[in-house]
Amino acid sequence: MTATRSSLQCIHMNRIALYCLIGCCTWALCLTCLPRAQAQTSKWVKTGVTGRLVYVPDADGDRILDFSMVGYGAGKKPIPTDIPVAIHIDPIAGDNTQHIQNAINFAASRPLVNGFRGVVELGPGKFDVFGRLTINASGVVLRGSGGGDSLATNTHIVSQNRTDSVVGSTPVIDIQGSSSGTTRGPQIQVLDKRVPVGAQSFRVASTAGMSVGGMVEIFRPSTQPWIEALGMHLIPDGKHWSAGDRDLQWHRTITRIEGNRVFIDAPITTALDTQWGGGTIRTFNAPNVIRNIGVENLRGQSLDAREETNELRTPSFVRFTRVADGWVQDVETRHFSYASVFTSEADGTRHITVDNVRSLLPSGVVTGGRRYSFAMDAQYSLVMNSHADSGRHDFVTGSDVVGPIAFVNSTTANTRADAGPHHRWGNGLLFDKITVSGNAINVQNRWTSGSGHGWAGANVVVWNSQANSYIVQSPPTAQSWLIGSTGTINAGNCHLGTGVTCAGYYDSHGTRVSVGGTQSLYEAQVNDAAEIRDFHWTGGEGQWSSASNWDQSLAPAVYRMANRDYLLGDIDNFVHDGAGSVDNAFVDPAWAASIMRNSLAPIVGFDAGAGSQNVAFTIQHQLDPNERVLHAFLAMSLKQNATGSSADDFLQLFDMHPASQFTFSQLGWAAQVNATTPFVGVIDLGAYVDLLQTGSANVLVSNDCGIDWAMYVATVATPVSDATGPRVFLDGGGAVTLDHTPAAINQLQIGGRDGSGQLTLTADARLSVTNDLLQFDNGTLQVELAASSVNQPPLMQVNGLAVLGGTLEILLADGFNPMADQTFQLLTANGGVSLAFQQVLLPSLETGLQWNLLTGPGSVSLQVASVPLNGIAGDVNQDGVVDQLDVEAFVAGWMTTGHLGDFHKYIHGDLNLDGFTDLLDVFILHQALAAGQGSGFPFELLNSPTVPEPATHCLGSISIVGLALLARRSRGPVRFRHSINFFS
C-alpha cells in the first residue's frame, strides 16, 4: 500500500507541477499581450470590434475569399496521429513494388474503423520499386520511419523506372478513387443577376432534390461574349479561347437552405453573372471517391542519381485523383522531373493537405512542363510549411482550376521561374506568406505563352509574401489582390490594346499587414471559423446560463461557427428592374411607419436615383433554436444623386432613436460618396449583436444617396452535440451561480493568474467535468446543501484530476437543518483529488452535531456526526467551552490515535474519530472556534516545538501556494500544508 500511495503522490505532484508551469507560461504570454504600436491593417480584410473578420467588397460585390475550409478535414480537424498499424514490412532485395503493394492490399482488406483501415508501416532502409504503387481503398496510410539521409533509421522509396516520360504526371504512388457510380441531377437556374466572388449563398429557381449535407455541382458556362470581354478570342497563332473552353464546375456541400436561398460550404471563386451566361446548380454524388489516405514520414526519389537531363523516369512522387481528405506530410522528395505532389481536378478530388514537404534536386531540362514542385489542381487543396529548391513553377495551378486553393507559409530557393497560376483561368487562389527566392509571383495575362495560356489566374490573393517582383493583374470581370507584400511591382502587359491597364488591387505594399491577431490570412480565417470551446467569465455576478456574461456571448457549450451572407437587391450598377424585382426591398411595416412619422421624403428601394429620398429595407434571416449571432457587418454600394449633396446624408440603423443615426461625416463616407463612381461603405455591427438576435434589422439611408445593393454577413453560432464539452474558466473576477444541470464540460478552472473566480452550485445543480478541475488560491467554490442532497450522487463528477485550493464554503438552503449521520457527496474525481483549501467555511449545526470533512483517493464529502461526550464540538478538554485551552490540548495531542478508545481519541484531538489527528480535525476545531470565539484557528501554535512528529506517517511542510495537498485513501492520513512550517 505504501508503494501504491507513493506512486499516486508522484503522479499527482507531476500533474500539479505541470499546471503550475502552465500558469507561469500563461502569465508570460500575457506579458506579450501588453499594448503595442498599432499593426498595419488591410483595407480589404479588417479585424472587427468582436475580434472577428470583416471583409470589404468592391463595387461589384467581389471580396477576398474565405480559405479556412481548405485541406484535410475541411480545416476543422488535424491530420490524425493515432491510426493503428495494420502491417509492418522491411525492404527486400530487388524490386519491392509487389512487396509494398501486397502490404497496401492487406491493409485495404481490413474493415473501416472510424474511417481508417490502418497504417502500412515501412521500416528503415531502401525500397527499390520498378513499377507503380496504387492505393484505391479508403482509410490506408503509408508511413515510413523518417525522411532523413541515413538508411539505418529512415525509409527511402526509390523509383528505378527508366521508361516513363516527363509528359504527364505519372506518379510512384497513385492514390485514386473511381468515377463509377457518379450521378448528377437536373440543372437548376441560379436567380441572382450576379453572385459575386466570395459569396457562399445565392437564390435558385428550385431546391427540389437538395438537402443540407448533400453535394452539389455549380456550373458556370464560358460563353463567347465572356471570352471576348477577356480578349481571349484575339490570341494569335490559333491559340485563342472559344466558347466552352473554360467552363467551370465547383463541388460544394449544402450547409443550409432558407426558402429559395442555398448556402454552401465554400465561396464562389468566379462570379456567376447573367450577362456572361449566369450559372446553374444540380445535385452531385460521387460514391466511389476514396477518403482518409495519407503518405508520411519518408523520402521519395526518382532513380539513385539525379541524372539531371535524363527525363526517362517516373516524373512525380504522389498523385491524388478522386480522393477526399488526403495528405502528404513530413516527406522529402528528390530527382522528380514534374512534381512532388500533384492533385488532380478530376471529379470529387478535394481537401488534400501537403504539409512539411521538401522538394529537392529535381531533374529534367529547365523548360516548359517540368519542375512544377507542388501542382495543386484540386479544389480545397492546401500546401503549407513546405519548401522547393531548384524548381520552376513551385507553387502552381493548371487550367480551369477552381478554388479555394491555398499555399501558406512556404519557401523556395534557386527558383528558375515564377510562382502563381500557370494558365487558363486558375481562380480562387491564395499565396499567403510565400517567399520566392530569386524570382517572381505573377498573376497575369500570359497571352501566347505555351499553348495559349492567356489569363492565367483570376480572383487571386497574394498576402504578406516576398519575391523579387510581382505582376498582379485583374482580368476584365474579375479581380486580384496584392496585399502587404515585398518586392517590385511590375505592370506587365494586359494585351487588351494600347493604353489599357489591368492593375490588381494593391494594398500596403512593402509593409506586412495583420488581421485577427496574425500576419497569416489563412491562420486568421481558420481561427475565425473554428468551433468555440473556451469560455471565460467576464466579471460581476450572474447565472451560468447568462450568455452576455461570458466572453463569447454564449452560454458554455460547443458551437459550430458559420458566416451566412445575404445579398439584398442585385449587383447591376443601379439598374432598376421593376416593381416585382428584388430592387423593391422588403420594409417592415412598423419601420416604414416610423420613417414616415419622421420624414416627408418618400421611401424607395434599391437603384432609385432621385434626391430627397429614404432608401429603406429590412434585413431578414432565419435563426434556428439556440443559435446566436456573434458578429455581423453590412456593406452597401452607394452613389450620390447627380444634383444633390451627401453632406447631410445619414445612416439610420435598427430604430429611429437619435443614437442610432450616423452621418456620412461620422462614418468617414462624406468625401468618398460621389455621383460618378459607386462607393462601398461597410458597417461593423459587432457592437450591436444584442439587436441582431431577432433575425431582423432595419436600415435607412436618407437624403441624396441611392443604393445599388446591400450585403449582410452574420457570424452565427450553432450548438452541436459533443461528448467532450467546452472548457470553462472562471478567472475574470465575479461569481457564477449554477442552478441547473448543464451538459458536461471538458475542463473547469476557478481562479488563476488572470483573476479570481467563484462558482456557486445550488442544491438543484449537478456538474460533470470530463477532464480536470483546477481551483486556485483565489478561487472559491460555494455549495448549497438541501434535503435533496442527502446521500445522493456527488454534486460534481470529475473524470480527471481535481486540484482544490482557495476556499470551500458550504451554504444551507432555506429551512434545511442537517441531522446526524447525513452525508453529502461533494465531489468525486476518477483521476484523484488534491486538497489544498486555504479555508473551509461551514454553517453552524445544532448543539451536539459537528461537520466531518471526509476525503478518499478520489472523493470529497461532508458528514454530520454526533459530538461525543459532552456534545460540544471542538471541546477537546471537555471543560464545556471551546477556547485557547482546547487549542493547546489539540496541539499537545497531535498524534496517531487509532489504538485508543473514542474518549481518549477525542481528548487527544481526533475530533472526527477517524483514527488520526490531522487536517480534518483542524477544520472542526477552526469552525468551533469561529462559532464560539469569533476567531480562526491559531495555526502558529502548530509550529510549537512541543508538537511531536508522528512516527506512523510522514507529514511534510509544503506551501499551500503550490496547490499540492495530496489525497489520502479513505480514512487514512492527510497531509496538511499551510504557508508556515508546522513540523520540523
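Residues numbered from 1 in each chain as written. Predicted model: local features only at pLDDT ≥ 70, side-chain atom pairs only at ≥ 80, totals over all residues. Heavy atoms only, no water.

### A closer look at the nonpolar core
Counting residues in each nonpolar core, the largest one holds 54 residues, and the members touching the most others are Ile157, Ile173 and Ile175. Contact partners of Ile175, with chain neighbours within four places excluded, come to Ile135, Ile290, Ile293, Val295, Val318, Arg319, Phe320, Thr321 and Val323. (Core = buried A, V, L, I, M, F, W, Y, C linked by side-chain atoms within 4.5 Å. Buried < 20%, exposed > 50% of the residue type's maximum accessible area, 1.4 Å probe, protein only. Contact = heavy atoms within 4.5 Å.)

### A closer look at the environment of Thr518
Relative to the helices and strands, Thr518 resides in the loop between β36 (505-507) and α4 (521-529). If we ignore the near neighbours within four places in the chain, the residues touching Thr518 are Val513, Glu523 and Ala524. Within the structure, the side chain of Thr518 is placed 3.3 Å from the side chain of Glu523, a separation counted as a polar contact. (Helix = DSSP H or I, 4+ residues; strand = E, 2+ residues; numbered from the N terminus. Polar contact = N/O pair within 3.5 Å; in protein donor to acceptor, adjacent residues only side chain to side chain.)

### Some remarks on the side chain of Arg194
Relative to the elements of secondary structure, Arg194 occurs in strand β12 (residues 194-195). The class of Arg194 is buried, set by a relative accessible area of 5%. Among the polar contacts listed, one links the side chain of Arg194 to the side chain of Asp62, at a separation of 2.8 Å. A polar side-chain atom of Arg194 sits 3.1 Å from a polar atom in the side chain of Asp273. In contact with Arg194, other than residues within four places in its own chain, are Asp60, Asp62, Ala271, Leu272, Asp273, Thr477, Leu567 and Ile571.

### So, the packing of aromatic side chains
Within this structure, the stated rule accounts for 24 aromatic pairs. Seen in terms of ring centroids, Trp226 and Trp425 are 5.0 Å apart; in terms of plane orientation they differ by 85 degrees. Their pairing is edge-to-face. Of the two residues, Trp226 sits in helix α3 (residues 224-230) while Trp425 sits in the loop between β29 (420-421) and β30 (426-435), which places them 199 residues apart along the sequence. Taking the relative accessible area as the measure of exposure, Trp226 reaches 0% and is therefore buried. When its relative accessible area of 0% is taken as the criterion, Trp425 is described as buried. Taken together, a centroid distance of 5.0 Å and an interplanar angle of 15 degrees make the contact between Phe407 and Phe431 stacked. Remark: Phe431 occurs in strand β30 and Phe407 occurs in strand β28 (residues 402-413); sequence separation between them is 24 residues. Since its relative accessible area comes to 0%, Phe407 is described here as buried. One aromatic cluster in this structure is built from Phe535, Trp537, Trp544, Trp550 and Tyr559. Note that Arg220 overlies the ring of Trp226, its terminal NZ or CZ placed 4.3 Å from the centroid. If you follow Arg246 out to its NZ or CZ, it ends over the ring of Trp241, 5.1 Å from the centre. (Phe/Tyr/Trp six-rings, centres within 6.5 Å; stacked < 30°, edge-to-face > 60°. Lys NZ or Arg CZ within 6 Å of the ring centre and 35° of its normal.)

### Points about helix α2 (residues 97-109)
Since the α-helix packs 3.6 residues into each turn, any two residues three or four apart lie on the same face. In a regular helix each residue adds 1.5 Å, so 13 residues correspond to 18 Å; α2 covers 18 Å between its end C-alpha atoms and thus fits that length. The secondary structure elements touched by the buried residues of α2 are β3 (85-89), β4 (118-122), β5 (125-129), β6 (133-135) and β7 (140-143). (Expected span 1.5 Å × (residues − 1).)

### Re the state of the cysteines
One pass over the structure, following the stated rule, counts 1 disulfide. The residue that forms a disulfide with Cys494 is Cys502, at a sulfur-sulfur distance of 1.9 Å. Looking along the S-S bond of the Cys494-Cys502 disulfide, the torsion reads about -100 degrees, which is the left-handed sense. For Cys494, a relative accessible area of 5% puts it in the buried group. What makes Cys502 buried here is its relative accessible area of 7%. (Disulfide = S-S within 2.5 Å.)

### Section: the sheet that holds strand β47 (residues 705-719)
One open sheet holds the 4 strands; their spatial order is β39-β47-β42-β45, and the pairing between them is antiparallel. Each edge of the sheet is formed by a strand with only one pairing partner; in this case those strands are β39 (559-569) and β45 (679-684). Neighbour-to-neighbour, the strand axes of the sheet open up by a mean angle of 15 degrees, direction not taken into account. Pairing between strand β42 (residues 628-640) and β45: 6 bridges, direction antiparallel. In the strand pairing of β45, Leu638 is matched with Phe679. (Pairing = 2+ DSSP bridges. Axes fitted to C-alpha atoms, helices over the stretch in contact; angles between N-to-C directions.)

### A closer look at the pattern of salt bridges
A full pass over the atoms with the stated rule returns 31 salt bridges. Across the salt bridge formed by Asp164 and Arg132, the nearest N and O atoms sit 3.2 Å from each other. A residue pair is termed long-range when its members are at least 10 positions apart, and Asp164 in the loop between β8 (155-159) and β9 (171-176) and Arg132 in the loop between β5 and β6 qualify at 32 residues. The class of Asp164 is buried, set by a relative accessible area of 12%. Arg132 gets classed as partly exposed once you look at its relative accessible area, which sits at 30%. Between Glu217 and Arg184 there is a salt bridge; the shortest N-O distance is 3.1 Å. Of the two residues, Glu217 sits in strand β14 (residues 215-220) while Arg184 sits in strand β10 (residues 183-184), which places them 33 residues apart along the sequence. Judged by relative accessible area, Glu217 falls into the buried class, the value being 2%. Each of Asp149, Arg299, Glu332, Arg334 and Arg358 takes part in a single network of salt bridges with overlapping partners. (Salt bridge = Lys/Arg side-chain N within 4 Å of Asp/Glu carboxyl O.)

### Considering helix α7 (residues 884-892)
Listing the buried residues of α7 in full gives Asp886, Val887, Phe890 and Val891. Down the axis of α7, the sector holding all buried residues measures 135 degrees, keeping them to one side. (Arc of directions from axis to C-beta.)

### Side note on the sheet that holds β9
As summarised here, the arrangement of the 7 strands in space is β6-β9-β20-β22-β24-β27-β29, forming an open sheet in which the pairing is parallel. If you trace the sheet from one side to the other, it starts and ends with β6 and β29, each paired once. As paired strands, β9 and strand β20 (residues 316-321) are joined by 5 bridges and run parallel to one another. Looking at β20, one finds that Ile173 is bridged to Val318.

### Points about the confidence of the model for the protein chain
Residues of the protein chain with pLDDT of at least 70 account for 88%, and the chain-wide mean is 88. This model gives residues 1-37 a pLDDT under 50, and the stretch forms 33 contacts once residues within four places in sequence are excluded. Low pLDDT, under 50, characterises residues 939-984; the stretch is placed with 125 contacts to residues that sit more than four places away or in other chains. (pLDDT = per-residue confidence, 0-100.)

### Things to note about the environment of Gln797
Tracing the chain through its elements places Gln797 in strand β55 (residues 796-798). Its relative accessible area of 27% is what places Gln797 among the partly exposed residues. Between the C-alpha atom of Gln797 and that of Leu773, which follows or precedes it by 24 residues, the distance is 9.7 Å. Setting aside chain neighbours within four positions, we find Gln797 in contact with Leu767, Ser768, Val769, Thr828 and Asn830.

### As for the pairing of strand β34 (residues 480-483)
Of the two faces of β34, the one holding Ser480 and Leu482 and the one holding Trp481 and Ile483 are both buried throughout. In terms of strand pairing, strand β32 (residues 457-463) meets β34 through 4 bridges, oriented parallel. Residue pairing for β34: Val462 is matched across the bridge by Leu482. In this sheet, β36 lies alongside β34 in parallel orientation, the contact comprising 3 bridges.

### Looking at unusual backbone geometry
The phi angle of most residues is negative, glycine excepted, and most peptide bonds adopt the trans form. A cis amide bond, omega 5 degrees, links Gly403 with the succeeding residue Pro404. Its place among the elements puts Pro404 in strand β28. For Arg371, which is not glycine, the phi torsion reads 60 degrees and is therefore positive. Inspection of the secondary structure assignment puts Arg371 in the loop between β23 (350-360) and β24 (374-376). Residue classification places Arg371 among the buried residues on the basis of a relative accessible area of 1%. Phi at Asp400 takes a positive value of approximately 55 degrees, unusual for a residue other than glycine. Mapped onto the secondary structure, Asp400 falls in the loop between β27 (395-397) and β28.

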